[in-house]
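Residues per chain are reported as follows:
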Amino acid sequence: MGRCSRCGSYAINHHLHGRNGSRRDLCDVCYWRDIAETFADDRIELLQQLAMAEDAANKGDKARKVAQSLVDEVTDLRAELALSKET
Ligand SMILES: [Zn+2]
């Protein structure tokens, strides 16, 4: 029986502790640690993508507000011009 490639332990029982037979180079503890870390990495990546998407959405929102205020300003100017022509 081999040793764990990560910690050197001999506690490698592929048929025990809910192992599915993969990662045969890891002991029982490192097997589950590896799964937990992979899961955590995936979640961190997802959270980063979500944060980036939110950031982009906020920027889009800001740009939309600026554009809207410009449109409002032009509309006001036009109304003022129309008024000054009338009088
Ligand atoms: Zn190990």
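These notes cover the structure that comes with them. Worth saying up front: this structure is predicted, and the values here are computed from it rather than measured.

Check the secondary structure of the chain and you find 1 helix and 0 strands. By the compact-globule yardstick of 12 Å for 87 residues, the chain is too spread out, its C-alpha radius of gyration being 31 Å. If you line up the chain on its principal axes, its C-alpha atoms span 100 × 20 × 10 Å. Across the chain, every contact between residues at least 6 apart in sequence was considered, and the portion connecting residues at least 24 apart equals 6%.

Right, let's talk about helix H1 (residues 28-86) for a bit. The first and last C-alpha atoms of H1 sit 87 Å apart over 59 residues, in line with the 87 Å expected at 1.5 Å per residue. Burial within H1 is sparse, with just 2 of its 59 residues counted as buried.

Turning our attention to unusual backbone geometry. Residue His17 is not a glycine yet carries a positive backbone phi of 60°. By secondary structure assignment, the location of His17 is in the segment before H1. Its identity is not glycine, yet Arg23 carries a phi of approximately 50°, on the positive side. Its place among the elements puts Arg23 in the segment before H1. What makes Arg23 partly exposed here is the crowd of 18 C-beta atoms within 10 Å.

Each value, and the rule that gives it
- Residues numbered from 1 in each chain as written.
- Predicted model: local features only at pLDDT ≥ 70, side-chain atom pairs only at ≥ 80, totals over all residues.
- Helix = DSSP H or I, 4+ residues; strand = E, 2+ residues; numbered from the N terminus.
- Rg over C-alpha atoms; globule rule 2.2 N^0.38 Å.
- Contact = placed C-beta atoms within 7 Å.
- Expected span 1.5 Å × (residues − 1).
- Buried ≥ 20, exposed ≤ 12 C-beta atoms within 10 Å, placed from the backbone.

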